[in-house]
Amino acid sequence: MFQTLYSYFWWERLWLPANLTWADLEDRDGRVYAKASDLYITLPLAFLFLVVRHLFETYVATPLARLLNVKEKVRLKATPNAVLEKFYAATTKHPKQADVEMLSKKSGCTVRQVERWFRRRRNQDRPSLLKKFREASWRFTFYLIAFIAGMAVIVDKPWFYDLREVWKGYPIQSMLPSQYWYYMIELSFYWSLLFSIASDVKRKDFKEQIIHHVATIILISFSWFANYIRAGTLIMALHDSSDYLLEVGVSPSPAVTTSSPVPHPQLTPLPPQSAKMFNYAGWRNTCNNIFIVFAAVFIITRLVILPFWIMHCTVVYPLDLYPAFFGYYFFNFMMVVLQSLHIFWAYLIIRMAQKFITGKVVEDERSDREETDNSEEEEEVAKNGPLSNGHPVLNNNHRKTD
């Protein structure tokens, strides 16, 4: 049974153009070709990445956060309450008004106390600013190094300047050591992202992130199996060109206005990894400037170069050499999946850019905003009536003396 499935999976008509077999891709005459077994090393490398990430976040990102004065917001903890905790864990974190009234009776708390408890409890579950900063720092560092390495791998190759060279002689194209390590490192990193996604900061595009990681892993692996290595290196380098900016420009942090001091690094509008870092640190002007660069690079690379140059190269040029086969359709289908995700994220970026240009509050559209805890203010209102500029207003319209 297993042998039958194995034979079907590696059927040459699925992976290679007509009249070609796996024997054509066996090492000979000094030529070295990609092999499926090469990818086994990416799994242990992925776990090694997780270890390196832990060390980096502990010994590099955390001291850097202190240096940049990344401060944690003081969060009031919800008072332990078995009734409310059970409902929070088993039913919903956002109870409706009818649920609040029911819980008020069961727990012996007032409606306002129940609402306040759920606000505080939700805030407790939100990731800390330090966690966001450390995660953004790690990704920024990797993507920046990967982009530099990727450019070093492809910038001196003829197919970097003439995309028709990507398919010249395909699939009899010998693999270079630099291509091997670029592939292994990139694929290992995306495996590590998939392994850690459950513990990483969760944003509103959590499902899209999973789809992106899985599609990327499949696309990298398939391009390796089918010897689409030249196209694969171009695609990976193109993506890395804007990813490192994402982590520096925008991060999930509290909403800020463009007039306030420096923001946090992800994009106050929509953060690049570097922008997220500066946003978390409160360097708003730096973050805003990086966001502008990131938005321009993202749109140019993902919405212009990728579809009109790279995808044109993978869809049109191969047909000049061989008839379309399953691998051709599968590879380009996965490219369409990635392009669809890019359009989705570009929509969020453009929305943030519009707010940024008009001077409105700008923040990462994907982030879950922290709720303000108004407990003290609410208590003052209950005791002394409405507030004006934070001070109780007396019935004679004079402020209470401090």
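Rules behind the numbers
- Residues numbered from 1 in each chain as written.
- Predicted model: local features only at pLDDT ≥ 70, side-chain atom pairs only at ≥ 80, totals over all residues.
- Heavy atoms only, no water.
- UniProt positions renumbered as here; feature names shortened; annotations may be inferred.
- Helix = DSSP H or I, 4+ residues; strand = E, 2+ residues; numbered from the N terminus.
- Buried < 20%, exposed > 50% of the residue type's maximum accessible area, 1.4 Å probe, protein only.
- Contact = heavy atoms within 4.5 Å.
- Areas by Shrake-Rupley, 256 points an atom, 1.4 Å probe, with all protein chains shown as cover.
- Axes fitted to C-alpha atoms, helices over the stretch in contact; angles between N-to-C directions.
- Parallel < 35°, antiparallel > 145°, perpendicular 65-115°, else oblique.
- Left-handed = near helix turned anticlockwise from the far one by under 90°.
- Core = buried A, V, L, I, M, F, W, Y, C linked by side-chain atoms within 4.5 Å.

Under an unreviewed UniProt entry, the protein chain has the name CERS2 synthase and belongs to Nicator chloris. Recorded under Catalytic activity (unreviewed entry), the UniProt text for the protein chain is reproduced unchanged: "sphinganine + octadecanoyl-CoA = N-(octadecanoyl)-sphinganine + CoA + H(+)".

Chemist: Sorry if this is basic, but what is going on with the overall build of the protein chain here?
Modeler: The helix and strand inventory of the protein chain stands at 15 helices and 2 strands. In the protein chain, which comprises 402 residues, the share counted as buried stands at 48%. Pairs at least 24 residues apart make up 71% of the contacts formed inside the protein chain by residues separated by at least 6 positions. Just so you have it, the protein chain exposes about 20400 Å², and 63% of that area is on carbon and sulfur atoms.

Chemist: Is there a simple way to think about the packing of helix 4 (residues 82–90) against helix 6 (residues 111–125) in this case?
Modeler: Any two packed helices are characterised by how steeply their axes cross, that is the angle between the axes, and by the distance between the axes. The interhelical angle for the contact between helix 4 and helix 6, taken along N-to-C directions, is 55 degrees, at an axis separation of 11 Å. In terms of their interaxial angle, helix 4 and helix 6 are classed as oblique. For the pair helix 4 and helix 6, the sense of crossing is right-handed. Together, L84, E85, F87 and Y88 of helix 4 and V114, W117, F118, R121, R122 and D125 of helix 6 make up the contact between the two elements.

Chemist: Just to check I follow, could you spell out the nonpolar core for this structure?
Modeler: Most often, soluble globular proteins have nonpolar side chains that are buried together. Residues V166, W167, W224, Y228, F291, I310 and M335 are the most contacted members of the largest nonpolar core, which totals 75 residues. Contributing elements (two or more residues each) for this core: helix 3 (42–67), helix 7 (129–154), helix 9 (177–196), helix 10 (206–225), helix 11 (229–249), helix 13 (284–315) and helix 14 (326–358). The biggest single contributor to this core is helix 14, with 13 residues. Excluding residues that lie within four positions of it along the chain, Y228 makes contacts with W167, Y170, Y183, S223, Y322, F325, Y328 and F331. If you look at the next biggest cluster of nonpolar residues, it comprises 10 residues, including A78, V100, C109 and V114.

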